[in-house]
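# Coordinates in review
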Amino acid sequence: MNEYDSNRILDLTKKINYNLTNKFNDTDCYILNTCHIREKATEKVYHDIGRLKKEFRNKKKPLVIIAGCVAQAEGDIILKKEKYIDAVVGPQSYHKINQIILNLEQDNSRLNHTEFEPIEKFDQLNLVKNNNSKVSSFVTIQEGCDKFCKFCVVPYTRGPEQSRSLIEITSEAKHLAKQGTKEIILLGQNVNAYSFGKHRLSDLLYALDDIKDLKRIRYTTSHPKDFTEDLIESHASCKKLMPLLHLPVQSGSTKILKRMNRGHTVEEYLEIIEKLKKKNPNLRFSSDFIIAYPDETELDFNKTISLMEKIKFVNSFSFIFSPRPGTPAANLNQIDFKIAKNRLLRFQSVANRIKKDYRNKLVGSPQNVLFENDAQKENTFFGRDEYFNSVIVHSKDDLTGKIKKVKISSCNHNTLFGEIIGDLKKTEYAA
Ligand code: SAM
Ligand code: SF4
């Protein structure tokens, strides 16, 4: 989402002639878009500002703006502590970036813009075209969260759930498709909480399915609590919806899920997976896990390992619980760090074994790969298969934006390697 937001900030600032530069030491305005989900986020900001100060010691100081969730959560503290920063702008206020920059150019009073104005933001962003021309592009459809999991800062930094209208989203998608985008990744803190008028996420998926030049659709992140029957059905009927679903579970223990305030049990999670697999047997799953949440016993932890073994998630993101200031879980007794670290390593070794087995089985198989851009070496191209695995092939022809059938010949932990064996049959992506 920050990548999407950063690109939209760039679309906006172009209007006042501020363009992207890759010359770090020759910039007029430096915007640092930040994430606050786990610890050390604020320290990273001070570290970056330190680097900037050193670089600009003998030059005109650039405008320095801190954007994103660290700005939202700690705006006043940052402004007080670091005089080099000119403004902080929260994730729901960045549509005002041009006004902020122009004001700063005129007078040097320092500013804090951290109001929650998502509707005004969506309205403003709709007026500025998303000028991304990437083969795979993000589109935000929903922001904020009303779930208040006890460990999470998002409801405090991104505010309440708000959805964009289906018409605006499809019009952004059509515009992107015209510019060469073949894959859209729908973004939101809880994409399946999407609700605008009578439209739900499944309506949006079918509307995007009808855009001729678009070939692939994905969405992230969804929440088990909002996994409705119509959405399950769309995994069978929506032809361009890719067969990998990221569905965070956090823990395999219902006791811990309850303490996290996740709003569902492990059995309910398994039921959703079963229903989805019945509708589409090709579906595979990835997930997020929080290890060593307060009160997690060895038994609870083993239940998380069992869940991993049962579902065989092909990819997973796992972190030790990180107490976030202002959240209810921050006040709970934490698990000893040594125990927590040991559990994380044990969990990750199981997760890695499962991922390795899955990837080894892909060797020799044909996969449909959408190529995104040149890989680093000459005559090599980078793309993704339907399960979002990175694939690299050799080719003398430019493959960017094309979908090819690739036979996987080898793999390592991050990448599959293969050779092109043909094109897609028309029926595979009936558009
Ligand atoms: N809305 C999504 C959901 O409910 O699954 C997740 C969005 S959250 C921005 C992304 C991931 O960050 C979560 O799934 C969780 O695993 C991780 N996370 C959030 N807060 C955390 C914390 N305090 N400590 C460790 N991991 C955390
Ligand atoms: Fe955070 Fe996701 Fe829970 Fe919302 S549902 S509070 S974004 S973890």
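Residues numbered from 1 in each chain as written. Chains lettered and ligands numbered in written order. Predicted model: local features only at pLDDT ≥ 70, side-chain atom pairs only at ≥ 80, totals over all residues. Heavy atoms only, no water.

Another aspect to go through is the overall build of the protein chain. Each helix and strand in the protein chain was counted, giving 13 helices and 19 strands. At 23 Å, the protein chain has a C-alpha radius of gyration in line with the 22 Å of a compact globule built from 431 residues. The principal-axis extent of the C-alpha atoms belonging to the protein chain is close to 60 × 55 × 45 Å. In the protein chain, the proportion of contacts linking residues at least 24 apart, taken out of those at least 6 apart, comes to 72%. Summed over its atoms, the accessible surface of the protein chain is roughly 20,700 Å², and 50% of this surface lies on carbon and sulfur atoms. Looking at charge distribution, the protein chain has the averaged site of its 69 positive side-chain charges lying 3 Å from that of its 55 negative ones. (Helix = DSSP H or I, 4+ residues; strand = E, 2+ residues; numbered from the N terminus. Rg over C-alpha atoms; globule rule 2.2 N^0.38 Å. Contact = heavy atoms within 4.5 Å. Areas by Shrake-Rupley, 256 points an atom, 1.4 Å probe, with all protein chains shown as cover. Lys, Arg positive; Asp, Glu negative; His and termini not counted. Charge placed at Lys NZ, Arg CZ, Asp CG, Glu CD.)

As a further point, take the layout of surface pockets. Here the second largest pocket is characterised by a volume of approximately 550 Å³. Lining the second largest pocket we find 21 residues, and of these Asn 19, Leu 20, Thr 21, Cys 29 and Ile 31 sit closest to its centre. Those elements giving two or more residues to the lining of the second largest pocket turn out to be helix H1 (2–13) and strand S1 (29–34). Here the residues of the lining of the second largest pocket sort into ten nonpolar, eight polar and three charged. (1 Å grid on protein atoms, 1.4 Å probe; cavity = no way out; pocket = protein on both sides within 12 Å on 5 of 7 lines; lining within 4 Å. Points joined across faces, edges and corners; volume = space filled by probe spheres on them. Nonpolar A, V, L, I, M, F, W, Y, C, P; charged D, E, K, R; others polar.)

Moving on, we get to the site of ligand 2. Ligand 2 sits among Cys 145, Lys 147, Phe 148, Cys 149, Phe 151, Cys 152, Val 154, Pro 155, Asn 190, His 223 and Arg 262. Here the shell around ligand 2 is composed, by residue class, of seven nonpolar, two polar and two charged. (Near = heavy atom within 4 Å.)

This part takes up the pairing of strand S2 (residues 63–68). Counting buried residues along S2, six of its six residues qualify, which places the element largely inside the surrounding structure. Bridge analysis of S1 against S2 gives six bridges, and the strand direction is parallel. Directly across from Asn 33, in S2, lies its bridge partner Ala 67. Handedness of the β-α-β unit built from S1, helix H2 (residues 41–55) and S2 comes out right-handed. Relative to strand S3 (residues 87–89), S2 runs parallel, the two sharing three bridges. By the bridge assignment, Ile 65 is partnered in S3 with Ala 87. In the classification by handedness, the crossover that spans S2, the intervening helix H3 (residues 69–81) and the parallel S3 is right-handed. (Buried < 20%, exposed > 50% of the residue type's maximum accessible area, 1.4 Å probe, protein only. Pairing = 2+ DSSP bridges. Right-handed = clockwise from strand over helix to strand, strands pointing away.)

Here the focus is the site of ligand 1. By nearness alone, 17 residues border ligand 1, and Gln 189, Gln 250, Arg 262, Asp 288 and Ser 322 come closest of all. Residue Arg 262 places a side-chain N or O atom 2.8 Å away from an oxygen atom belonging to ligand 1. Here ligand 1 loses 88% of its free accessible area of 570 Å² to cover by the protein chains. Looking at the shell around ligand 1 residue by residue, the classes come out as seven nonpolar, six polar and four charged. In terms of domain composition, the shell around ligand 1 takes at least three residues from each of domain 2 (129–242) and domain 3 (272–358). (Polar contact = N/O pair within 3.5 Å; in protein donor to acceptor, adjacent residues only side chain to side chain. Domains from an automatic or database assignment.)

Attention now goes to the packing of helix H9 (residues 229–237) against helix H11 (residues 266–279). Running from amino to carboxyl end, H9 crosses H11 at an angle of 35 degrees, the nearest separation of the two axes being 8 Å. In the packing of H9 onto H11, the handedness of the crossing is right-handed. Here H9 contributes Glu 229, Ile 232, Glu 233, His 235 and Ala 236 to the contact with H11, which in turn contributes Lys 275, Leu 276 and Lys 279. A per-class count over the contact of H9 with H11 returns three nonpolar, one polar and four charged. (Axes fitted to C-alpha atoms, helices over the stretch in contact; angles between N-to-C directions. Left-handed = near helix turned anticlockwise from the far one by under 90°.)

What follows deals with the nonpolar core. Leu 186, Leu 201 and Tyr 219 are the most contacted members of the largest nonpolar core, which has 63 residues in total. Looking at this core element by element, the count peaks at six residues for helix H13 (residues 337–362). Shared between two domains, this core holds at least three residues of each, these being domain 2 (129–242) and domain 3 (272–358). Discounting residues that sit within four places of it in the chain, Leu 186 has contacts with Val 139, Ile 141, Val 191, Leu 201, Leu 204, Leu 205, Leu 208, Ile 217, Arg 218, Tyr 219 and Thr 220. (Core = buried A, V, L, I, M, F, W, Y, C linked by side-chain atoms within 4.5 Å.)

Okay, the packing of helix H7 (residues 166–178) against helix H8 (residues 201–209) next. Running from amino to carboxyl end, H7 crosses H8 at an angle of 30 degrees, the nearest separation of the two axes being 10 Å. In this structure, the crossing between H7 and H8 has a hand that is right-handed. Between H7, through Leu 166, Ile 169, Thr 170 and Ala 173, and H8, the contact on the second element is made entirely by Asp 203, Leu 204, Ala 207 and Leu 208. Grouping the amino acids of the contact of H7 with H8 by side-chain chemistry returns six nonpolar, one polar and one charged.

Time to look at the domain arrangement of the protein chain. Considered domain by domain, the protein chain is made up of domain 1 (2–116), domain 2 (129–242), domain 3 (272–358) and domain 4 (366–428). Taking only C-alpha atoms, the centre of domain 2 and the centre of domain 4 are 25 Å apart. Between domain 2 and domain 4, a total of about 780 Å² is buried, with carbon and sulfur atoms accounting for 64% of that surface. When the area that domain 2 buries against domain 4 is broken down by residue, the three leading residues are Val 135, Arg 216 and Arg 218, summing to 60%. Linking domain 2 with domain 4 are zero salt bridges. At the boundary of domain 2 with domain 4, the tally comes to five residue pairs in polar contact (both at pLDDT 80 or more). Going through the elements one at a time, strand S8 (183–187) and strand S11 (216–220) are the ones with two or more residues in the side of domain 2 that touches domain 4. (Buried area = accessible area lost by both parts, 1.4 Å probe. Salt bridge = Lys/Arg side-chain N within 4 Å of Asp/Glu carboxyl O.)

With that settled, consider the packing of aromatic side chains. Across all of its chains, the model carries six aromatic pairs by this definition. Ring geometry for Phe 289 against Phe 313: centres 5.6 Å apart, planes inclined by 80 degrees, an arrangement best described as edge-to-face. Taken together, the positions of Phe 289 in strand S13 (residues 284–291) and Phe 313 in the loop between helix H12 (298–311) and strand S14 (315–320) put the pair 24 residues apart, joining distant regions of the chain. The same class applies to Phe 289 and to Phe 313, which are both buried. With a centroid separation of 5.2 Å and 75 degrees between ring planes, the pair formed by Tyr 293 and Phe 321 is classed as edge-to-face. Of the two residues, Tyr 293 is situated in the loop between S13 and H12 and Phe 321 in the loop between S14 and H13; the sequence distance between them amounts to 28 residues. For the residue pair Tyr 293 and Phe 321, the accessibility class agrees, reading buried in each case. Put simply, the rings of Phe 151, Tyr 293 and Phe 321 touch in pairs and so form one group of aromatic residues. When the ring centre of Phe 24 is taken as reference, the NZ or CZ atom of Arg 51 above it lies at 4.7 Å. Across from the ring centre of Phe 388, 4.0 Å away, lies the NZ or CZ of Arg 384, which sits over that ring. (Phe/Tyr/Trp six-rings, centres within 6.5 Å; stacked < 30°, edge-to-face > 60°. Lys NZ or Arg CZ within 6 Å of the ring centre and 35° of its normal.)

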